[in-house]
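# Summary of structural features
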Amino acid sequence: SVSVPGRGALLHAHSGAVRAGRLLGVFGPSGSGKSTLLNALAGMTPPRGILGGSVWAVEGRCAEEGSTGVALEDLGVRRRTAALLEQEDAFFSELTVRETLVFAAAFAGRPSSAALRDADRLLAQVGLAGVAHRRVGEHRSGGSSWNGNLSITSGERRRLAVACAMVGEGDADNEENKYSSSPRVLLADEPTTGLDAFQAARVVGLLQQLSAQRNCATVLTLHQPRASIWRMLDDVMLMAPGGHVVYCGPTVDVLTYFQGLGHQCSLEGMNPAEFLIDLVSIDSEQADCASKDATRIRALAAAFRTCPDPAFSRLVELSVGSGTAANGHARVGAASAVGPWSAFRLLLWRSLVQSVRDRATNALRILASVGLSLIFGAHFGVLDRGGMPTARSVASRICLLSFGTIAMAMLATARALDRFAKESAVVSRERSAGAYSGIVYLAAKVLTELPTDAAFAGLFAVLVHRQCGLHADISEVACTMSLVAVASAALGLAVGAAAPRGDRAMAIGAPIMVVHMLTGVIDPAGQAAQRPTMAMLALRSLSPIRHAIEALCISELRGLKLARNAMDAPRMGGLALITSGDEVLRQLEVFGTFESNMWRIIGLIALHLVAAAVFLFIGALPRQVRIAGRPSDVELAAGQRWWRCLGLRRRRFGGKCSAPSVAGSATVAVPSGGKSSI
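Rules behind the numbers
- Residues numbered from 1 in each chain as written.
- Predicted model: local features only at pLDDT ≥ 70, side-chain atom pairs only at ≥ 80, totals over all residues.
- Heavy atoms only, no water.
- Helix = DSSP H or I, 4+ residues; strand = E, 2+ residues; numbered from the N terminus.
- Buried < 20%, exposed > 50% of the residue type's maximum accessible area, 1.4 Å probe, protein only.
- Contact = heavy atoms within 4.5 Å.
- Areas by Shrake-Rupley, 256 points an atom, 1.4 Å probe, with all protein chains shown as cover.
- Axes fitted to C-alpha atoms, helices over the stretch in contact; angles between N-to-C directions.
- Left-handed = near helix turned anticlockwise from the far one by under 90°.
- Nonpolar A, V, L, I, M, F, W, Y, C, P; charged D, E, K, R; others polar.
- Salt bridge = Lys/Arg side-chain N within 4 Å of Asp/Glu carboxyl O.
- Patch = residues over 30% accessible without salt bridge, like charges linked within 9 Å, V, L, I, M, F, W, Y side chains within 5 Å.
- Pairing = 2+ DSSP bridges.
- Phe/Tyr/Trp six-rings, centres within 6.5 Å; stacked < 30°, edge-to-face > 60°.
- Expected span 1.5 Å × (residues − 1).
- Bend = angle between axes of the 7 residues up to and from the residue.
- Core = buried A, V, L, I, M, F, W, Y, C linked by side-chain atoms within 4.5 Å.
- pLDDT = per-residue confidence, 0-100.

## What about the overall build of the chain?
- In terms of regular secondary structure, the chain is built from 22 helices and 13 strands.
- Evaluated residue by residue, the chain yields a buried proportion of 53% over its 678 residues.
- A sequence separation of at least 24 residues applies to 77% of the contacts in the chain between residues at least 6 apart.
- Approximately 29200 Å² of the chain is accessible, and the part contributed by carbon and sulfur atoms is 59%.

This is how it looks when you write it as structure tokens:
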């Protein structure tokens, strides 16, 4: 069961069973809790969600074989005993189909040679061998990308997602390790979304084929399956609005079951799925009809709660009969499949491949750096026409350095936010499976992406210095621009980690950059009339733009001799009579040294990266406020129908679990030889 304080129950307590090699279709109208069920089984609940029940696997022989010994095993995505296929297909666009599978297998703990074999085997199984060397591309219906490379279609993306979910199982032809690391259950959340009828049937057929070949239970949610898809389902679960389950059992018995309750499918040749969805739908546009529909659904839910489930009852008997494996210990899957160093190398290589192959973006970034430098050069021209600096050019020099710094900071932040948002779905999926930690991912991004940000900013600085004839040393200008770009990119990583969604990250990052600009710009006319408050001084200390502008002003003006010109007094005020750059710095209250400002920027880079690591760590913490242990044998023997969510035993805070609860539960049983049932 799943509930949220203030919102009530999202998923009411219920139970069900799915045997190995069988396909369970979960369907119902919108708002019935289909995705909530799968997310709960995968260990992902809404913020502040209260999660009750348990999921466990039983290894042993079926009742008809006369065995009572079974072994209990916790299930979960992190333990790799469950695989989750989410609605959205998230991949790295510049990787090929084969490389995507190889990386997925490597993150699952497979050695390099085994990962290659797994990828080739799965490509053949899912029908993608013909496009193995085609790049995945952005989420589109196929065609050419900006780089001129063909990308795969939506149907091929869904099949690739299925292959990634099933990767890392070992050699299917080798009986010795056929089930050593294969998932006991595959959870597919609306795998047909966005596909035409033909492609949708192909994807469900693929899931049916893999379920039989891998001998694992498969649970998939469907919105409105066509007749051909309905015939592929071995079992169905019908859910009604409000998270009520009104049926869970064999597909061949569903119409007979509801006919016994007085609801008969009267239209000959009608798709049973359409009849059943109509049966549990509520017509909210008419009050009388809505009331009748709600009454009917409550009656159906109540009738199903009193209906015994033979498959579930047998699993309960097996569980109560033994409780644990023959050796007295419950099996628990591994929490991590690959070490931190191996994960870092994989992430580093993948990030490098993604960055180097994205030629269109790299070309646009070079064009932006060169184009902006040309515009700056055309606007400011050669300062003082290459002659002795004057006080009149001081304002132009400060404006040039300020706007150049702001431009590089804004570009780096926007780029970091965009990259983080594009990768967040893939990274969240891999981290939820325990492939690597946020620190490892952040370290790989820092080493591959921040140097490119620094390089593009340095290119801009060199070109502007050459065109405008700045007094500052060219290496100091390039170093400062590069560091402020790195600091801003690190800030973008921190904001992206705090708000992984692109729109939210941009909504947070843009105001932060505006504040940094406001507190970072130096007024070239002299100090402000009003003294800054303590809050403004604190914001200045956190602004990399401020420290970069001060460093550039120090490098540009310190020791600079200025020619005095009284004709500039009406425009420049007192600054027109200043004869040295040091006097300008005193008037602007810019103190310190170039090196001290560089160290402040480096400190802000470290601060931003630490903040990003903290936000990534917080994002990985469990979000539900209650977890449940396995019900007692007495409660099981009483025949209480229960579901338990996958991977609950890993959801610990401070090393302790909350008290057991059996409010709504589920069972996953795995017969001997790797066969699994839910």
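Right, picking up where we left off after that structure.
## As for the packing of helix α16 (residues 502–520) against helix α18 (residues 544–557)
- The N-to-C vectors of α16 and α18 enclose an angle of 35°; their axes lie 7 Å apart at closest approach. Like other packed secondary-structure pairs, α16 and α18 cross with a definite hand, here right-handed. Across the interface between the two elements, M513, H516, M517, T519 and G520 from α16 touch P544, I545, R546 and I549 from α18.
- Taken together, the residues of the contact of α16 with α18 sort by class into five nonpolar, three polar and one charged.

## Remarks on the pattern of salt bridges
- Overall, the coordinates contain 18 salt bridges when judged by the stated rule.
- Close ionic contact of E99 with R357 constitutes a salt bridge, the shortest N to O distance being 2.6 Å. A residue pair is termed long-range when its members are at least 10 positions apart, and E99 in helix α2 (residues 97–107) and R357 in helix α11 (residues 340–357) qualify at 258 residues.
- Judged by its relative accessible area of 22%, R357 falls in the partly exposed class.
- For E449, the salt bridge goes to K445, with nearest N and O atoms at 2.8 Å. Pair noted here: E449 and K445 are both in helix α14 (residues 438–468), with a separation of four residues, about one helical turn. Here E449 and K445 have matching classes, each one buried.
- Among the charged side chains, a salt-bridge network with shared partners connects R365, R419, E423, K445, E449 and D453.

## What about a nonpolar patch on the surface?
- A cluster of nonpolar side chains, V610, V614, F615, F617 and I618, forms an exposed patch at the surface whose accessible area comes to about 470 Å².
- Summarising the element assignment, V614 is placed in helix α21 (residues 594–619).

## Notes on the pairing of strand β7 (residues 82–85)
- In β7, alternate side chains face the same way, and those of A82 and L84 on one face and A83 and L85 on the other are all buried.
- Across four bridges, β7 lies against strand β10 (residues 185–188) in parallel orientation. Looking across to β10, one finds that L84 is bridged to L187.

## A short note on the packing of aromatic side chains
- For the coordinates displayed, the defined rule picks out 11 aromatic pairs.
- Both rings, one in F376 and one in F460, keep their centres 5.3 Å apart while their planes meet at 90°; by these two values the pair is edge-to-face. A residue pair is termed long-range when its members are at least 10 positions apart, and F376 in helix α12 (residues 359–380) and F460 in helix α14 qualify at 84 residues.
- Taking the relative accessible area as the measure of exposure, F460 reaches 1% and is therefore buried.
- Centre to centre, the rings of F420 and Y441 are 6.0 Å apart; their planes meet at 70°, and the pair counts as edge-to-face. Linking F420 in helix α13 (residues 392–432) with Y441 in helix α14, this pair joins segments that are 21 residues apart in sequence.

## Some thoughts on α14
- In this model α14 runs 43 Å from its N-terminal to its C-terminal C-alpha over 31 residues, within 8% of the 45 Å that 1.5 Å per residue would give.
- Along α14, the largest kink reaches about 35° and is centred on V446.
- Just past α14, the residue G469 takes up positive phi, approximately 65°.

## Quick look at the sheet that holds β7
- An order of β7-β10-β11-β3-β12-β13 is seen for the six strands of this open sheet, with the pairing classed as mixed. Strands with a single pairing partner mark the edges of an open sheet, and in this sheet they are β7 and β13 (244–250). Within the sheet, the average angular offset between the axes of one strand and its neighbour, ignoring direction, is 15°.
- The pairing of β10 with strand β11 (residues 217–222) spans four bridges and is classified as parallel. Bridge assignment links L186 to a residue of β11, and that residue is T218.
- Lying on the sheet, helix α9 (residues 287–305) is in contact with β12 (235–240) and β13; it crosses β13 at an angle near 50°.

## Digging into the sheet that holds strand β2 (residues 8–11)
- Read across the open sheet, the three strands follow the order β2-β1-β4; overall the sheet is antiparallel. Each edge of the open sheet is held by one strand with a lone partner, namely β2 and β4 (50–51).
- One ladder, built from two bridges, connects strand β1 (residues 2–4) with β4; its direction is antiparallel. Residue pairing in the sheet places V2 in a bridge with L51 of β4.

## Observations regarding the side chain of E94
- Relative to the helices and strands, E94 is located in the loop between β7 and α2.
- Since its relative accessible area comes to 8%, E94 is described here as buried.

## Digging into the nonpolar core
- Judged by nonpolar contacts, the single largest core of 87 residues is most densely connected at L400, Y436 and M481.
- Take this core: its biggest share by element is 15 residues, from helix α15 (residues 474–498).
- Ignoring anything within four residues of it in the chain, the contact list for M481 reads L401, G404, T405, M408, A457, F460, A461 and L552.
- Residues A42, V167, L233 and M237 belong to the second largest nonpolar core, which totals 86 residues.

## Quick notes on the confidence of the model for the chain
- Overall, the predicted model of the chain reaches an average pLDDT of 77, with 74% of residues at or above 70.
- Low pLDDT (under 50) marks residues 623–678, which in the prediction has 211 contacts with non-local residues, meaning those over four places away or in another chain.

## Here we look at the packing of α14 against α21
- Relative to each other, α14 and α21 sit at 145°, their axes nearing to 9 Å. Crossing of α14 against α21: the hand is right-handed. Here G438, I439, Y441, L442 and V446 of α14 lie close against α21, whose contacting residues are L609, A612, A613 and L616.
- Its residues placed into classes, the contact of α14 with α21 shows eight nonpolar, one polar and no charged.

## Overview of the pairing of strand β3 (residues 23–27)
- Burial within β3 is extensive, with five of its five residues counted as buried.
- The sheet contact formed by β3 and β11 spans five bridges and is parallel. Note that in β11 the partner of V26 across the bridge is T221.
- For β3 and β12, the ladder comprises four bridges, and the chain directions are parallel.

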